Amino acid sequence: MRLPLRRLFLTLLAATLALPFAPARAQLTIEIVGGAGTAIPIAVVGFDGESEFPLGVSGIVAADLARSGLFRNVDTGGVVPRPSRAEDVRIDEWRGRGADAVVVGSMRPLADGRVEVRYALVDAVRGGTLASTLFTVTRPQFRATAHRIADEIYAKLTGDVGVFSTRIAYIAKQGTRYQLVVADADGADPQTVVSTSEPLLSPRWSPDGGRIAYVSLEQRKPVVYVQNLSTGGRAAVAAFRGSNSAPAWSPDGRQLAVTLTRDGGSQLFLMNADGTGTRRIMSSPGVDTEAWFMPDGRSLLFTSDRGGSPQIYRVGIDGGAVERITFDGSYNVSPRALPDGKGMVYVRRDGGRFQIAIMDFATRQTQILTSGPLDESPSVAPNGKLVLYANETGGRGILNAVSADGRVKQRIVAPATDVREPAWGPLPR
C-alpha cells in the first residue's frame, strides 16, 4: 500500500533522467461513472465543413461537455438542413428534441493554410444567441480551439470558469520505466517530460504553467528539481544534505515551500524558485511536511504529527502562531487549498479507508467525496469544481475525478499502465 504519508514520512523516493518531450505510449481514457442530478440537455451539431479535416472540432466540444457530468448530449441525427449559423436554428424543432441549448458552427479553409472556425451557442428555451466567436487557427490548433469553445459554453451555461483548456501532469509506470507525463485535461496528447528506471514523486505546476517542480533520487537522495516545459531544461533547486521533498509553489511563482531534513528532523523551508534564499519557517519537534500555499500567499497549510498523529495545520509564511485545522479522526494529510481560499481538500482515514474530503474553513464542516479504500494525492481544478486524485485498484494505480459536491465522478485509466500522483495545471494565460 503506497500512501502519501508513508511515502513522505518514511521513504521519500524518486529519481529522474531528463529527456526531450516525447509522446507517451498510453493515452488516458475518461469514463463518467456518476453525473449530476440534473444535467443540461445540449445539442452539439456537427460543424459545416469539418468533414474535410482529419480532426474536427464539434466532437471534442461535445465530449468535453459530457465529461463534465453537467451536460447531456441530445441526438442531432436526422436534422435537415443541418444548421451552421445561429439564425439557421429552428428553436421549436430543438425544443421538441428536449434540448435547452444548441451549438452550431462551421470550418472554412483560408488561402494561407489556416482555418476559420466559427461557432454559436443558441438558447433553445428563451431564444437568442448566448455566444458567438470566430477563431482563425492552424490545423494543429484544432483540439485547443475545441477546448476553448467548450470553456466558453460551460461558462455561459453554468456561470463558472471552464477548465477544458487546462493540462494535467501525472506519474505513469510502464514495465520498469517511470514517466512524468503532461497531457490535455481530457487525457489527449500525452507527452513524456521525464523518464527514469526509478520512482518519481510530487509533480507540482508553477502558477504560469511553464514549469513543474518534482522530486528525484538521481543523486542517490531525494532532490527537488524544477523542469522548464518550453526549453526542456531543469535545475536542482534543493539538494541539501539529507532529504529534500514536497515542493509547493507560491501563488506568484517566485518561491517554493519544501520539506528539508538538513538541520535534523523534517521541517518546512521557503526558498526562491531558483533555489536561492533558503530560510526555515519554524522549528518543531515533530515531522512537518506537505506544505501548500493559501491563495493569498501569506500562509501555508501543512501536515504534521506534532500532536501525536498526522493532522493538518496552518502557519504564516514568516512563522508565528500555528493553527490546527483538523480534529476529527487520527489521520488527516495532504492539504490542498481551494482556489477561493474558503476551504481545502485533503486525505483522511476513516475506519481503515483512505478517502478524499473537503472542508469549509468558516464552518469547519467536512464532506467525504470518495469511497476509498486507497484514495490519495488530491489535486483541485483551477475553478475549484473538480478534484483529481489517485486510487489503487488491484495493485495498479488509476486516476479519478470527483466534483466538489461529490455528485460527478470520473474514472481515468490508461491500459497496462500504473498511473499516480496527478497534478492539475493552472488556467491558460
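Scroll up to find the structure this text is about.
Now for a look at the structure at hand. Note that the structure is a prediction, hence the values are computed from the model and not measured. (Residues numbered from 1 in each chain as written. Predicted model: local features only at pLDDT ≥ 70, side-chain atom pairs only at ≥ 80, totals over all residues. Heavy atoms only, no water.)

**Considerations on the sheet that holds strand β13 (residues 223–228)**
In spatial order, the strands read β11-β12-β13-β14; together these 4 strands make up an open sheet with antiparallel pairing. Strand pairing shows two members of the sheet lacking a second neighbour, β11 (201–205) and β14 (234–238), which therefore form its edges. On average, each strand axis in the sheet is inclined to that of its neighbour by 25°, with strand direction left out of account. Two elements, β13 and β14, share 4 bridges in a ladder whose sense is antiparallel. Each residue of the ladder has a partner; that of Tyr225, found in β14, is Ala236. (Pairing = 2+ DSSP bridges. Helix = DSSP H or I, 4+ residues; strand = E, 2+ residues; numbered from the N terminus. Axes fitted to C-alpha atoms, helices over the stretch in contact; angles between N-to-C directions.)

**As for the environment of Val103**
Topologically, Val103 is positioned in strand β5 (residues 101–109). Distance in space between the C-alpha atoms of Val103 and Glu152 is 11 Å, their sequence separation being 49 residues. When sequence neighbours within four positions are dropped, the list of residues in contact with Val103 reads Ile42, Ala43, Val44, Val45, Phe47, Tyr119, Ala120, Leu121 and Ile153. (Contact = heavy atoms within 4.5 Å.)

**Digging into the sheet that holds strand β15 (residues 244–249)**
One open sheet holds the 4 strands; their spatial order is β15-β16-β17-β18, and the pairing between them is antiparallel. Every other strand in the sheet has two partners, leaving β15 and β18 (279–280) as the edge strands with one partner each. Bridging between strand β16 (residues 255–260) and strand β17 (residues 267–272) involves 6 bridges; their strand directions are antiparallel. Of the residues in β17, the one forming a bridge with Ala257 is Leu270.

**Structural notes on the pairing of strand β28 (residues 386–393)**
The buried fraction of β28 is high, at 7 of 8 residues. Taken together, the 4 bridges between strand β27 (residues 375–380) and β28 define a ladder with antiparallel strand orientation. Bridging from a neighbouring strand, Val380 pairs with Val387 of β28. As paired elements, β28 and strand β29 (residues 396–403) share 8 bridges and run antiparallel to each other. Bridge pairing links Val387 to Val402 in β29. (Buried < 20%, exposed > 50% of the residue type's maximum accessible area, 1.4 Å probe, protein only.)

**Comments concerning empty space enclosed by the protein**
For the coordinates displayed, the defined rule picks out 3 cavities of 30 Å³ or more. Here the second largest cavity defines a volume of roughly 50 Å³. In this structure, the second largest cavity is lined by Ile30, Arg67, Ile168, Ala185, Leu386, Leu388, Ala401, Gln410, Ile412 and Trp424. Looking at the lining of the second largest cavity, the elements with two or more residues in it are β28 and β30 (409–413). In terms of residue class, the lining of the second largest cavity is made up of 8 nonpolar, 1 polar and 1 charged. (1 Å grid on protein atoms, 1.4 Å probe; cavity = no way out; pocket = protein on both sides within 12 Å on 5 of 7 lines; lining within 4 Å. Points joined across faces, edges and corners; volume = space filled by probe spheres on them. Nonpolar A, V, L, I, M, F, W, Y, C, P; charged D, E, K, R; others polar.)

**A look at the pattern of salt bridges**
Counted according to the given criterion, the structure contains 25 salt bridges. For Asp112, the salt bridge goes to Arg114, with nearest N and O atoms at 2.8 Å. You can call Arg114 partly exposed: its relative accessible area is 35%. (Salt bridge = Lys/Arg side-chain N within 4 Å of Asp/Glu carboxyl O.)

**Description of the packing of aromatic side chains**
According to the stated counting rule, one finds 6 aromatic pairs in the structure shown. With centroids separated by 5.4 Å and ring planes inclined at 85°, the aromatic side chains of Phe53 and Phe142 adopt a geometry described as edge-to-face. Linking Phe53 in the loop between β3 (40–44) and α2 (58–67) with Phe142 in helix α4 (residues 142–158), this pair joins segments that are 89 residues apart in sequence. The same class applies to Phe53 and to Phe142, which are both buried. Relative to Phe164, the ring of Tyr154 lies with its centre 5.7 Å away and its plane at 85°, an arrangement referred to as edge-to-face. Of this pair, Tyr154 sits in helix α4 while Phe164 sits in the loop between α4 and β8 (167–174), placing them 10 residues apart in sequence. The class of Tyr154 is buried, set by a relative accessible area of 6%. On the basis of relative accessible area, Phe164 is assigned to the buried category, the value being 6%. By way of ring pairs, the aromatic residues Phe71, Tyr154 and Phe164 are connected into one cluster. The ring of Phe361 carries the charged tip of Arg314 above its face, separated from the ring centre by 5.0 Å. (Phe/Tyr/Trp six-rings, centres within 6.5 Å; stacked < 30°, edge-to-face > 60°. Lys NZ or Arg CZ within 6 Å of the ring centre and 35° of its normal.)

These results come straight from atomic positions and should not be treated as a statement about function.
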